[in-house]
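Structure at a glance
Below are the chains, spelled out letter by letter.
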Amino acid sequence: MLRQALLYLMSGNEAIAHAVMDADVDVVAAYPITPQTTIVEKLSEYTSSGMLDAEFVPVESEHSALSVCVGASLTGARVFTATSSQGLALMHEILYIASGLRAPIVMAIANRALSAPINIHGDHSDVMGSRDAGWIQLFAENPQQAYDFTLMAYRVAEDNRVMLPVAVNVDGFTVSHCYEGVRVLGKEDAQAFLPRTPRPRLEYDTPITVGAMFSPTHYHVVKTEQAKALESSLNVVKEVFRSYPLREEGYDVVHVVNRSSPVMVVGLGGVMGTFRHLGRRMNVGVASLRLYRPFPAADLLPSLREAELIVVLDRAYSPGAPAPPLATDIKTLLHTAGLQTPVWSVVCGLGGHEIRLSMAEKLLQKALEAAREGAGANISFYLGEEVNRP
Amino acid sequence: MKYIKWMKGLENFTHEFIFVGRGGQGVVTASRLLAEAALLEGKFVQSFPEFGPERSGAPVKAYTRVSNTPIEIRAPVEKAETVVYFESKLIHVYEPTTLTRPNGVVVVSCREPSALPRMDGLHVFTVDGQRVVESLNRPLSLNMVMLGATVAATRIVSLETLKSLVAKKFSPADVKALENGFEEVAARVELI
């Protein structure tokens, strides 16, 4: 039975560090970078005070941080790292090694803009640059989810049917540095939720080889298997989300309000809370993806079917592409389902550009107007710019 | 001066606060402590600063939301029920009438209340925060004085909850500063 959950005031970053402590990880290797820094600070505090019995490896770069995690993970250890922006970019080659070696690493990403120009604030450019590295990608909207998703990430990653690294994304500052009440499971209940399952591992006595050279005749077999593993991890994520002990009803991988509204807004991360706040008052549908990779197509599609206009929010550009990352996914999904619903592709909140309630409200009003008038054009613009409908 | 009893008779309420001060004055800590006290009293809360690199002495804002329903919004507070100025000069940086909702509360640390500009339609409470911290010889406790004054003006949480929280985290002198700030304003608030 679940003990009384404890309630604390915590920032998104503190919630993640607390979850890592409750998950009783064995190795933490991380390099501090804004806005992830306070996660690493807390974990350093927990390990030095003995609250967390883990090896804390103070590495000299993010490339090394993830390399330490890969090595440690392959010996069977439960590992954690966290980064942001340039740090994630520096990890780039190791991201693919972690997923290719099927290392069940959990990493928190406090999402931040990429240079140049230099900017320390939040957007999704960093994670979208790593989108195809073969990691499971979760997006937490608030500190509570940051805690919950970090714990669930270990359960998913280490599941024998999955064995893939998981990234828990929190918006830099707006979630990472925002303080809210967070219910925590505590170590004992977290341990019960995260049993240690045996897995193949590197050992002195029974040596094995991992990461060896693969010829063209075999490389594609491994990569195809890996891609399928990521695809089929969807069911495990859903199973784990449903069984999360702190919430009787569990979590859905896609959270939707006002399913029958003519306008459906789709997006990722903290900004969805602001849109849901308005959506409830303005009768606009809001679908928030808590899982981005694998893409929960079947879970999202029912919410898109009835919509007359779909507004897709991206906090990153994909320069030169037909659409920004999430809009590309949504358009592909619509096409596959034989739907021709018009899509407004809206890029917003780049480099911490505040998404004020008044801006979001104006966007929803325009979208409702367009849906009423049956104006069915695909358009794209940056939030805050004038909306010019053809 | 009459105090509006915000909470009474309101089934669903969200009370938004903006704390305005300078980097180093403990503005963010004040915003967070208020949230924590309200959390202890069973409310839903949110506290975050205006984000950016921290610069000592630069004008800074921090926001607190207190609600009896879950808080989904994740945008800065544009117009608050209560705005707290740690320094009267900052009134000229952030106009009270643009930050405060009509009929809202403004709490200002100032020595010369008569020199303040007119703030029509707002309930203004002043406290000489600098004098209080000087008398306690605690220059860094200005945020405690302002927090006490804010609670006196809004009664969003009980002074007792806040006192026990401050006693646990900070020094007895901070508790004193909190109490002094509360008393300065409480004496001039008439509950209606």
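Per an unreviewed UniProt entry, chain B goes by pyruvate synthase and derives from Caldiarchaeum subterraneum. Turning to chain B, the UniProt annotation filed under Catalytic activity (unreviewed entry) states: "2 oxidized [2Fe-2S]-[ferredoxin] + pyruvate + CoA = 2 reduced [2Fe-2S]-[ferredoxin] + acetyl-CoA + CO2 + H(+)".

Under an unreviewed UniProt entry, the name given to chain A is Pyruvate ferredoxin oxidoreductase, and the organism recorded is Caldiarchaeum subterraneum.

This part takes up the sheet that holds strand β8 (residues 179-184) of chain A. Here eight strands make up an open sheet; going across it, the order is β1(A)-β8(A)-β3(B)-β4(B)-β2(B)-β5(B)-β6(B)-β7(B) and the pairing mixed. Since the sheet does not close on itself, it has two edges, and those belong to β1 (6-11) of chain A together with β7 (123-127) of chain B, each with one partner. Going from strand to strand, the sheet's axes swing by 25° on average, the running direction of each strand aside. Where strand β2 (residues 14-22) of chain B lies against strand β5 (residues 80-85) of chain B, four bridges are found, and the strand directions are parallel. Looking at the pairing, V20 of chain B lines up with Y85 of chain B of β5 of chain B.

Below, the discussion takes up the packing of helix α1 (residues 12-22) of chain A against helix α7 (residues 143-157) of chain A. Residue and element names in this part refer to chain A. Remark: α1 packs on α7, axes separated minimally by 8 Å, with the N-to-C direction vectors making an angle of 25°. Taken together, the axis directions place α1 and α7 in an arrangement best described as roughly parallel. Relative to α7, the crossing made by α1 is right-handed. Residue-level contacts link G12, A15, I16, H18, A19, V20 and D22 of α1 to P143, A146, Y147, T150 and L151 of α7. A breakdown of the residues in the contact of α1 with α7 according to their chemical character gives eight nonpolar, three polar and one charged.

To continue, consider the domain arrangement of chain A. Residue and element names in this part refer to chain A. You can read the domains of chain A as domain 1 (6-242) and domain 2 (254-382). Inter-centroid distance (C-alpha atoms) of domain 1 to domain 2 is 27 Å. Listed by partner, the interface residues are 26 residues for domain 1 and 21 residues for domain 2. Broken down by secondary-structure element, the contributors of at least two residues to the side of domain 1 that touches domain 2 are α6 (125-129), β6 (136-140), β7 (166-171) and α9 (216-242). In terms of residue count, the dominant contributor to the side of domain 1 that touches domain 2 is α9 (five residues). Among the residues forming the side of domain 1 that touches domain 2, the class breakdown is 11 nonpolar, 10 polar and five charged.

If a residue is not glycine, its phi is most likely negative; likewise, a peptide bond is most likely trans. Here T34 of chain A and P35 of chain A are connected by a cis peptide whose omega angle stands at 0°. Here P35 of chain A is to be found in the loop between β2 (27-29) and α2 (37-49). With an omega of -5°, the peptide bond between R293 of chain A and P294 of chain A qualifies as cis. Mapped onto the elements of the fold, P294 of chain A is located in the loop between β12 (291-293) and α11 (297-305). One non-glycine residue, R155 of chain B, lies in the positive phi region at around 55°. Within the secondary structure layout, R155 of chain B lies in the loop between α4 (142-154) and α5 (159-169).

It is worth spelling out the packing of α7 of chain A against α9 of chain A at this point. Residue and element names in this part refer to chain A. Put simply, α7 and α9 touch, their axes get as near as 10 Å, and they point 135° apart. Here α7 is positioned oblique relative to α9, judged by the angle of their axes. Viewed along their axes, α7 and α9 form a crossing whose handedness is right-handed. Facing α7, whose interface residues are M152, R155 and V156, α9 presents S233, V236, V237, V240 and F241. For the contact of α7 with α9, the class distribution of residues is six nonpolar, one polar and one charged.

What follows is about the sheet that holds strand β3 (residues 55-57) of chain A. Residues and elements named next belong to chain A. Sheet architecture is open: seven strands sit in the order β3-β2-β4-β5-β7-β6-β12, paired in mixed fashion. Edge positions in the open sheet fall to β3 and β12, since each of these has one partner strand only. Averaged over all neighbouring strand pairs, the angle between strand axes comes to 20°, with direction disregarded. Relative to strand β4 (residues 79-83), β2 runs parallel, the two being bridged by two bridges. From the neighbouring strand, V27 faces β4, where its bridge partner is V79.

About the thresholds
- Position numbers for residues count from 1 along each chain, tracking the sequence in the order it is written.
- As a convention, the first chain written is A and the first ligand written is 1, with the rest following in written order.
- Under the rules for a predicted model, residues below a pLDDT of 70 receive no local features and side-chain atom pairs below 80 are neither given nor counted, while totals for whole chains, interfaces and linings still include all residues.
- UniProt positions are given in the numbering used here, feature names are shortened, and annotations may be inferred rather than shown by experiment.
- A strand pair is defined by DSSP finding two or more bridges across the two strands.
- Secondary structure elements follow DSSP: runs of H or I no shorter than four residues count as helices, runs of E no shorter than two count as strands, and numbering proceeds from the N terminus.
- In this description, a line fitted to the C-alpha atoms serves as the axis of each element, helices being fitted only across the stretch in contact, and the angle between N-to-C directions of two axes falls anywhere from 0 to 180 degrees.
- Every angle not falling under 35 degrees, over 145, or within 65 to 115 is termed oblique; those three ranges are roughly parallel, roughly antiparallel and roughly perpendicular.
- In this scheme the handedness of a crossing depends on how the near helix is turned from the far one: anticlockwise by less than a right angle means left-handed, clockwise means right-handed.
- A residue pair is marked as a contact if its C-beta atoms, positioned from the backbone, fall within 7 Å.
- Ten residues, namely Ala, Val, Leu, Ile, Met, Phe, Trp, Tyr, Cys and Pro, are considered nonpolar, four, namely Asp, Glu, Lys and Arg, are considered charged, and the remaining ones, Gly among them, are considered polar.
- Each domain span listed reflects an automatic or database assignment of domains.

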